Amino acid sequence: GWKRHRWEAYKDTIQLRARKPYDRTMRDSDVKALFKSGHFVQVDIQVSSTPAGKWVATVSVQEYQVIVDVIFSGVLSIPLAQLRPGLRLAPNEVLNPYLLKVDQDYMREKFIEKGYMFFSVKPEIVETEGGVLLHWQVMEGPLVTVRDVLLTGIPGEDGDKVKDYLLNKGRGTALGFIPPPG
C-alpha cells in the first residue's frame, strides 16, 4: 500500500481521471509510469463495477523496503573504507533487488582483484522496525598466489614475450596487443 509515498504525489503522472474514458493501453502506460518512479516493487490498477453500476479504479502498490542499516560480517582482508564507497545500497535508501545484485557483483570483483578466488558474498535481509537491515555475509577463502606461469607450445623467445606481457598487464604494448617478433 501507500505508506511512505502518497497517492497525491503520483496522480498527476498518470492518465487515470474521474469521469474520463480509460482503456487497457492507458492502464498499461500508467502502470509503467508508476514503476518508472523507482519506488515500487509491484503496481496494479484494477477497474471494477459496483452494484450501483459505477466504475471504480483501484491503484495498488507495494513499496520497496527502506534500508535502516548496512552491516558486514566476515570481511577481514579488505578494509570496509575501500568497499563502502563503491556500493549503491546504503542506509535510508530503498532495497532495490537490481542494486542488491550490482553491489554483490562489485564485492565479488574486489575480492578477486585482491586474489581471493574462493569466497562467498551473500546478502541477508532482516526485517526490523522501520525497514530492513542489510547484512552482507562474507566468507573469505585462502589467498591465491601465482608462483609461476608455465607456457607450453610456444617457442622459448616468444614464450618469454608472452610471459612478460602477462606480468606487466600489457603495459608498453600498442593497444594491448603483443608486438610481433622482429
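Whatever comes next refers back to the structure up there.
Below is a summary of the structure that appears in this document.

About the criteria used
Residues numbered from 1 in each chain as written. Predicted model: local features only at pLDDT ≥ 70, side-chain atom pairs only at ≥ 80, totals over all residues. Heavy atoms only, no water. Helix = DSSP H or I, 4+ residues; strand = E, 2+ residues; numbered from the N terminus. Rg over C-alpha atoms; globule rule 2.2 N^0.38 Å. Buried < 20%, exposed > 50% of the residue type's maximum accessible area, 1.4 Å probe, protein only. Contact = heavy atoms within 4.5 Å. Areas by Shrake-Rupley, 256 points an atom, 1.4 Å probe, with all protein chains shown as cover. Lys, Arg positive; Asp, Glu negative; His and termini not counted. Charge placed at Lys NZ, Arg CZ, Asp CG, Glu CD. Pairing = 2+ DSSP bridges. Axes fitted to C-alpha atoms, helices over the stretch in contact; angles between N-to-C directions. Phe/Tyr/Trp six-rings, centres within 6.5 Å; stacked < 30°, edge-to-face > 60°. Salt bridge = Lys/Arg side-chain N within 4 Å of Asp/Glu carboxyl O. Core = buried A, V, L, I, M, F, W, Y, C linked by side-chain atoms within 4.5 Å.

## Observations concerning the overall build of the chain
On a plain count of helices and strands, the chain comes out with 4 helices and 5 strands. Of the regular secondary structure in the chain, the N- to C-terminal order runs α-β-β-β-α-α-β-β-α. In terms of overall size, the chain is more extended than a compact globule, its C-alpha atoms giving a radius of gyration of 27 Å where 182 residues would be expected to give roughly 16 Å. In terms of overall dimensions, the chain has a C-alpha envelope of 90 × 40 × 25 Å along the principal axes. Looking at the 182 residues of the chain, the share that counts as buried comes to 25%. In the chain, once contacts between residues fewer than 6 apart in sequence are set aside, the share between residues at least 24 apart is 46%. In the form shown here, the chain has an accessible surface area of approximately 12,800 Å², with 55% of it arising from carbon and sulfur atoms. Computed over 24 positive and 22 negative side-chain charges, the separation of the two mean positions in the chain equals 7 Å.

## Structural notes on the sheet that holds strand β3 (residues 67-73)
What the 3 strands build is an open sheet, ordered β3-β5-β4; its pairing is mixed. The outermost strands of the open sheet, each flanked by one partner alone, are β3 and β4 (120-128). Each strand of the sheet is rotated relative to its neighbour by a mean of 20°, with strand direction disregarded. As defined by bridge partners, β4 adjoins strand β5 (residues 131-139) across 9 bridges and the pair is classed as antiparallel.

## Points about the packing of aromatic side chains
Under the defined criterion, the tally for this structure stands at 3 aromatic pairs. Ring centres of Phe111 and Tyr116 lie 6.2 Å apart, and the angle between their planes is 80°; this geometry places the pair in the edge-to-face category. Like Phe111, the residue Tyr116 is buried in the burial classification. Seen in terms of ring centroids, Phe111 and Phe119 are 5.3 Å apart; in terms of plane orientation they differ by 25°. Their pairing is stacked. No difference in accessibility class separates Phe111 from Phe119, as the two residues are buried. An aromatic cluster of at least three residues, connected via ring pairs, comprises Phe111, Tyr116 and Phe119.

## Describing the pattern of salt bridges
Under the definition given, this model contains 5 salt bridges. Linking Asp44 and Arg27 is a salt bridge whose minimum nitrogen-to-oxygen distance equals 3.4 Å. In this pair, Asp44 is assigned in strand β1 (residues 40-49) and Arg27 in helix α1 (residues 24-36), connecting sequence segments 17 residues apart. The partner of Asp105 in a salt bridge is Arg108, with the nearest N and O atoms 3.5 Å apart. Residue Asp105 and its partner Arg108 are located together in helix α3 (residues 97-113), separated by 3 residues, close to a single helical turn. In the salt-bridge network here, residues are joined through shared partners; they are Arg27, Asp28 and Asp44.

## Section: the pairing of β1
As paired elements, β1 and strand β2 (residues 55-63) share 9 bridges and run antiparallel to each other. From the neighbouring strand, Gln42 faces β2, where its bridge partner is Gln62. A loop of 5 residues connects β1 with β2, the two strands running antiparallel in sequence, and Gly53 in this loop sits at a positive phi of about 85°.

## Notes on the nonpolar core
Within soluble globular proteins, side chains that are nonpolar tend to cluster in buried spots. Of all hydrophobic cores here, the largest spans 21 residues; its most connected members are Met107, Phe111 and Trp136. Of all the elements, α3 adds the most residues to this core, at 5 residues. The residues touching Met107, leaving out its near neighbours within four places in the chain, are Phe72, Leu83, Leu87, Val121 and Trp136. Membership of the second largest hydrophobic core comes to 10 residues, among which are Val31, Val43, Ile45 and Val59.

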